[in-house]
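# Inside the fold
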Amino acid sequence: MENNVPNPNPELLTAKLLEADETIADEEFHHLNNPADGIKPIVKKYLGVPNHAKQVGNKIYFTDGDASVEVIVVTKEIIRVRLSPHSVFLEDFSYAVPQLPNKPVEFTLLETDLEFRVSTEAVNCHIRKADFFISFSDKDEHVTSTDAVPMHWEENTQFGGYYVFCTKTCYDKESFFGLGDKATELNLRGKRLKNWNTDAYSYSFNQDPLYRSIPFYISVNENIAHGIFFDNTFKAYFDFGAEDRTKTSFFADGGELQYYYIHGPHMMDVVKNYHLLTGTHPMPPLWALGYHQCRWSYYPENKVKVIANGFRQNRIPCDSIYLDIDYMDGYRCFTWSPKYFPNPKKMIAELASAGFKTVVIIDPGIRVDDNYWVFKEGKEKKYFCRRSDDYFMEGHVWPGRCQFPDFTNPEVRAWWGDLFDDLVETGVAGVWNDMNEPAVFGSGTFPDDVRHQYDGYRGSHRKAHNVYGMQMVRATYEGLRKQMKNKRPFTITRAGYSGVQRYSSVWTGDNVASWEHLKIGNIQLQRLSTSGISFCGTDIGGFSGEPDGELFTRWIQMGTFSPFMRAHSAGDTKEREPWSFGEPFTSINRKFIELRYRLIPYLYSAFWEHHRYGFPILRPVVMHEQGEVSNHFRQDEFTYGDKILICPVLDAGLQSRRVYLPKGKWYNWWTLEMVEGGKEHVVATPLDIMPIFVKAGSVIPEYPVMQYTGEREIEEVKLNIYYSDYEVNSFLFEDYGETFAYEQDIYLEKKFVVNGDAQRLTIKQTMEGLYTPRYEGYHFKVNGLPFAPTKILADGKEITEIAVNADKTYEFKFPKNFKHIEIIK
Ligand code: GLC
């Protein structure tokens, strides 16, 4: 039974019409919206009254006699809700969630006079009998999310299927985070945003949509967090109290109304559980955590060598150089320009011997050219996308007239993956996938009617658009993984959908060399990291426009703490290497890039915590203290892993800035001064300083500075210990850094526990795993000791060689397998 209740949220209806044609003029809009003019108004259908509940395994079906809702108990914290207007559910398939977790979960199904209730140990899902409102509460019956209107839909007479809508109550103090790379404030409260992958060259603040679609958000209200993952690949919208401050809505132009409710109560729990559904990034090759240098484009070959030499001569570490589109022959993918790169294999080998990995760009547009083998093969095998009436999907991109592989076809992905064999054989170590929104000059992207195979679940471009780029980089990653045998590939993509992190890192696209963009980038990276995409970075310096030395240096400083660190610039800009701005910039840039390299074992360990346990690498302050509503609006400072807090300098000429530190004790990285958290501090920010704080009790591992990862054998690892009078755990992850042996448990996960009082400081180490690092010992540096030690005992033995520094830090060495160190007053 369909229930045509009056629209309780008329603004939404209005917005829907507006969305249908964004260029619509005002009068035209009134005309359209006035049925008296003979135009049929949009009719929304609402769920009626649930009269029945049926349980099949972990699925429970509720129906109003016509429409049905399926509730799946996925884990004790995750419940999936799905709507079918006529009780016929689509076959379950998702690019984001390859497989639902399949551990059995205990739950109960209860019926009362007022409701049906599905309950796990952590969460209750209530289906109200009066009106089919669906709500969620925690085990204390605290309601965290409730429908404000029953789920509803509207028939799509043109394409079939439905426009689908879900509207929930937006609470007074509720805040919203997530949604990927949106270029707006971190807290999304009061915003309406759209997901439709878009090539957004030189985007501006608040421009929407951008390159990626991540339909996942986190709500925080009264110190309880929950997530909603609306796994719908169609053009989708999120409204966080923008139209009606009491309502939050998400809706899409097609597909199913299907969402996962992910219970917290902490934001970190929500993010971890989102990762449980959509996966994490595999361990990257260690070199990919170094500094990357890119430009559109370094060519010819000699220019590439000049740049590489520039790094070594200037003693600025760098692990990779990128080749943008000009390395190709007429922008044909998988070819080399015979003029500019006559012997790529030799060049790549020379670069490799100087410690540089070569990363090349690959775009999806394949030039229509019968003399070009990739085009010929794709054409013969019918791998290119077609329009509804079977014409080829053609559009202009860099190579001119192009056709585009249908990456949603597994056979096409396998073919594409194999195309990389030559590049791998030539020595390429990483692949950069660009223009994969997909971008087409003029029209922006493909028309809606383009057909896609969609892994057998066929659909038009309306359904496949947002996953096209993700499937391209998936094909790339899987192909590289196959070709590189047991070596870890490095991939980077511009477009993506939820789950893209399983295949690739991302960058935030064509930003601008402006202070505003430095701010936007800072927010985008924090947001990406809380939205499943931890391996992310911005184009350091800004892609278009010209930064001055100060802006570039401030960007390098922030980039030192971006999980992915790459400078990149457009073709029409001036030289943009870390030494291009002269002194004092070169030295400061060097100091920070060196710091990046010193902290590689720390970043690598944070990466492991992401990969294995689903923690984000960057964490906004709100993730540390979600109970403080003022923190819902802090977006400058963030932590890198969980031990180091960064506050980038985001304005020109700033000699000092305010930095908020979450509760607890922190050390200023530069001065070693200990400061109390839970408040703001004014910190000096001369050009060579960006505020960096370390949590008391941390053990921060450090490598010696090298010009590139693996330049020399590591002889010892430095452990920077920060005194604390409460217990703190730290981790160090180690393995070969380039193979998949970690999947067979060949790695070492070390845990350090630091604790102190007025008389002593103890450091304990435990280890798990099968890997043995080659180095023999640790070099300890103890910071912040409130007393002068008289004795240091390591596994019962007294250490006699202790360096006492003027800043009251103490240094000593001991073999790496220690269990217990005691520093005694
Ligand atoms: C796009 C990319 C940019 C690249 C350029 C040329 O604009 O976003 O990074 O340099 O294309 O390939």
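Refer to the structure presented above.
Below is a short write-up of the structure.

About the cut-offs
- Residues numbered from 1 in each chain as written.
- Predicted model: local features only at pLDDT ≥ 70, side-chain atom pairs only at ≥ 80, totals over all residues.
- Heavy atoms only, no water.
- Salt bridge = Lys/Arg side-chain N within 4 Å of Asp/Glu carboxyl O.
- Buried < 20%, exposed > 50% of the residue type's maximum accessible area, 1.4 Å probe, protein only.
- Helix = DSSP H or I, 4+ residues; strand = E, 2+ residues; numbered from the N terminus.
- Expected span 1.5 Å × (residues − 1).
- Bend = angle between axes of the 7 residues up to and from the residue.
- Near = heavy atom within 4 Å.
- Polar contact = N/O pair within 3.5 Å; in protein donor to acceptor, adjacent residues only side chain to side chain.
- Areas by Shrake-Rupley, 256 points an atom, 1.4 Å probe, with all protein chains shown as cover.
- Nonpolar A, V, L, I, M, F, W, Y, C, P; charged D, E, K, R; others polar.
- Contact = heavy atoms within 4.5 Å.
- 1 Å grid on protein atoms, 1.4 Å probe; cavity = no way out; pocket = protein on both sides within 12 Å on 5 of 7 lines; lining within 4 Å.
- Points joined across faces, edges and corners; volume = space filled by probe spheres on them.
- Domains from an automatic or database assignment.

Let us now look at the pattern of salt bridges. Here the structure, examined in full by the defined rule, presents 55 salt bridges. We note a salt bridge from Lys 381 to Glu 377, for which the minimum N-O separation is 4.0 Å. For Lys 381, a relative accessible area of 43% corresponds to the partly exposed category. A salt bridge links Glu 680 to Arg 658; the nearest nitrogen and oxygen atoms lie 2.7 Å apart.

Glancing now at helix 9 (residues 461–483). When the terminal C-alpha atoms of helix 9 are compared, their 30 Å separation across 23 residues agrees well with the 33 Å that a helix rising 1.5 Å per residue should span. For helix 9, the principal kink sits at Val 467 and spans about 50 degrees. Counting buried positions along helix 9 yields 20 of 23 residues, so the element is predominantly enclosed. Directly after helix 9, the chain includes Lys 485, whose backbone phi takes a positive value near 55 degrees.

Looking at the ligand, the residues that line it are Trp 296, Asp 324, Ile 325, Ile 361, Trp 398, Trp 432, Asp 434, Arg 494, Trp 507, Asp 510, Phe 543 and His 568. The separation between an oxygen atom of the ligand and a polar side-chain atom of Arg 494 is 2.7 Å. Note that an oxygen atom of the ligand is positioned 2.9 Å from one of the side-chain N or O atoms of His 568. Considered on its own, the ligand offers 300 Å² of accessible surface; in the complex 97% of this is hidden by protein. Tallied by class, the residues present in the shell around the ligand amount to seven nonpolar, one polar and four charged.

In this section: the side chain of His 568. Here His 568 lies in the loop between strand 35 (565–567) and helix 12 (585–598). At a separation of 3.4 Å, a polar atom in the side chain of His 568 contacts the main-chain amide nitrogen of Arg 295. Setting aside anything within four residues of it in sequence, one finds His 568 in contact with Cys 294, Arg 295, Trp 296, Asp 324, Trp 432, Asp 539, Ile 540, Gly 542, Phe 543 and Arg 576.

Here we come to empty space enclosed by the protein. According to the stated counting rule, one finds four cavities of 30 Å³ or more in the structure shown. Looking at the largest cavity, its volume works out to about 80 Å³. Around the largest cavity sit Tyr 602, Ser 605, Ala 606, Glu 609, Gly 641, Asp 642, Lys 643, Val 699, Ser 730 and Phe 731, which together line it. Among the secondary structure elements, those contributing two or more residues to the lining of the largest cavity are helix 13 (600–613) and strand 46 (728–734). Among the elements that make up the lining of the largest cavity, the one with the highest residue count is helix 13 (four residues). When its residues are assigned to classes, the lining of the largest cavity shows four nonpolar, three polar and three charged. Viewed by domain, the lining of the largest cavity spans two of them, domain 2 (286–364 + 409–442 + 455–606) and domain 3 (618–694), each represented by three or more residues.

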